[in-house]
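# Coordinate analysis (summary)
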Amino acid sequence: MHIKTIILLLLVNLCFPNCIWTQNKGDYPKQNQGIEIQSQAEKDWIAVDTIKTYFCKSSKELERYNNATFLEQRRFEDAIEKKRLRLAESFLDKYPKNDHYYDVLKYFFHYLFEPKFISENIPNSTVVLLSQDSKLTKTNRSFFLSQMRALPIDKEARDRWLKKGNVLVQKFLESNAPMEQKAKIEILLMGRDLRMALLLYEYMDFQKEAVESSYWERFDGYYWETFQLRIKTLLLKYPDLESMASLVERYISIVSRKYLSPELREIYWNYFFDITDSINPKTSDKGLAAVHNMAKENLKALEALKGFDESQPLEMKFTAMDGTEIDLETMRGKVVLIDFWSIRCGPCIQEMPHVKALYDKYKEKGFEVLGIAAHGDSSKEQVLKILKKQKVNWPQRLDKGSLANVSYHSLYKITSLPTVWLLDKEGKVVDKNARGARLEPLIRKYLNLD
């Protein structure tokens, strides 16, 4: 699957725990090891919980997959996704009162349990297009997208899956489940539909020319409006849930990425600012208040960004994960490294020991480091584990978390990692790739040590 498609799927996997594929069928999650299974329901739960991490039976099968044609790879993935879905659906039908029902229902709406529903019968002309060596598509994005568009879909099977999901959600909403769980399931249902819309949008494979900007602004406004209104409905339905602010932020950050609809960023923040202000400016509903405050801060940041001049000092103010109040203005006179990173960025994590050594070496001479970790609250536990393992002892911001009114990754259009900025003593950005062997000379230069 093309890397941009994978990124989109990960981004839109709203409020759902991370899942990682493994190559071994028998690899059970740690929480299931050594457990004596007492009932069939528990066995079925283990099966569902385990298959989310299953991909290939052996390294040989994985090798065959990597060397297969485009169509063979998609069919292989489709078969696994259908198997996951069947197990999840069977569990939900058999055990509506089981303690794991909510967890399996979340799995049902996860993209790893979402088949492609490839048709059994494919015209010969289409088979020729889809039977190209998959390695060829990795270097030709347009060809890859044309193959994805050409995949014939079993519409009846897909419609049954969509209808089943809608019915499951409706039944869950009619149950006595906690309000937070009901909100989560409704968000996941919207996430399912948003994934489909995102993929259809990406598969169009077009270039937005500057002279056509007015057309694309109108097109994007109509295309995404349904989801904008669905989020508004959820916000009004669950006005006291502060997590609604994170939903709004995540949605806007997804659809306003540079290869989607960046012109909607300010439009949408204005929209959610206005509706939360007009409903009741003095509302005590925590969710509405959180969205209003987040929209206000983002609009303020976007306005400041319009006049942002890299020859001027950078402004950044936040509360770190350990409670430390960070304000770049108070750090003038020091050389500051800002590390934008993610738990999914291997090179970011591999760089930490090197940065740690330089931080310890030059801290007393006026060198500071700030970490900006992506993915928000869902990644907090993993972020803390990584920081502990790497012995990182500089302030960290959990970007896009429930306490973050402004996402710096989104604001500064940080779309690739690692991204590391270096600020001089005046607070100006003097380097946007301050890492590796070139970092120490830069530190010494701007600390005036050479």
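Cut-offs used in this document
Residues numbered from 1 in each chain as written. Predicted model: local features only at pLDDT ≥ 70, side-chain atom pairs only at ≥ 80, totals over all residues. Heavy atoms only, no water. Disulfide = S-S within 2.5 Å. Helix = DSSP H or I, 4+ residues; strand = E, 2+ residues; numbered from the N terminus. Buried < 20%, exposed > 50% of the residue type's maximum accessible area, 1.4 Å probe, protein only. Polar contact = N/O pair within 3.5 Å; in protein donor to acceptor, adjacent residues only side chain to side chain. Salt bridge = Lys/Arg side-chain N within 4 Å of Asp/Glu carboxyl O. Core = buried A, V, L, I, M, F, W, Y, C linked by side-chain atoms within 4.5 Å. Contact = heavy atoms within 4.5 Å. Pairing = 2+ DSSP bridges. Axes fitted to C-alpha atoms, helices over the stretch in contact; angles between N-to-C directions.

### Some words on the state of the cysteines
Applying the stated criterion across every chain, the model contains 1 disulfide. In this model, Cys-345 is linked to Cys-348 through a disulfide, with the two sulfur atoms separated by 2.2 Å. When the S-S torsion is 80°, as for the bridge of Cys-345 with Cys-348, the disulfide is right-handed.

### Remarks on the environment of Asp-49
Following the sequence through the fold, Asp-49 ends up in helix 2 (residues 40-51). Assessed through its relative accessible area of 2%, Asp-49 is described here as buried. Residues Asp-49 and Asp-103, 54 residues apart in the sequence, show an inter-C-alpha distance of 9.0 Å. There is a polar contact of 2.8 Å between the side chain of Asp-49 and the side chain of Lys-52.

### Considerations on the pattern of salt bridges
Summed over the entire model, instances satisfying the criterion amount to 25 salt bridges. As a salt-bridge pair, Lys-155 and Asp-159 come within 2.9 Å of each other at their nearest N and O atoms. Linking Lys-155 with Asp-159, this pair stays in helix 9 (residues 155-173), spanning 4 residues, or about one helical turn. The class of Asp-159 is partly exposed, set by a relative accessible area of 31%. For Asp-220, the salt bridge identified is with Lys-208, shortest N-O distance 2.6 Å.

### With respect to the nonpolar core
Core analysis: the largest hydrophobic core is formed by 94 residues, its most contacted members being Trp-224 and Ile-338. Take this core: its biggest share by element is 10 residues, from helix 10 (residues 179-203). Every residue in contact with Ile-338, bar those within four places of it in the chain, is listed here: Leu-314, Met-316, Leu-328, Leu-370, Ile-372, Thr-419, Val-420, Trp-421 and Leu-423.

### Overview of the sheet that holds strand 4 (residues 367-373)
The sheet built from 5 strands is open, its strands ordered 5-4-3-6-7 with mixed pairing. Where the open sheet ends on each side, the last strands, each with one partner, are strand 5 (396-398) and strand 7 (429-431). Within this sheet the neighbouring strands show an average axis-to-axis angle of 25°, counted without direction. Bridge count for strand 4 against strand 5 is 3 bridges, and the pairing is parallel. Residue pairing in the sheet places Ala-373 in a bridge with Leu-398 of strand 5.

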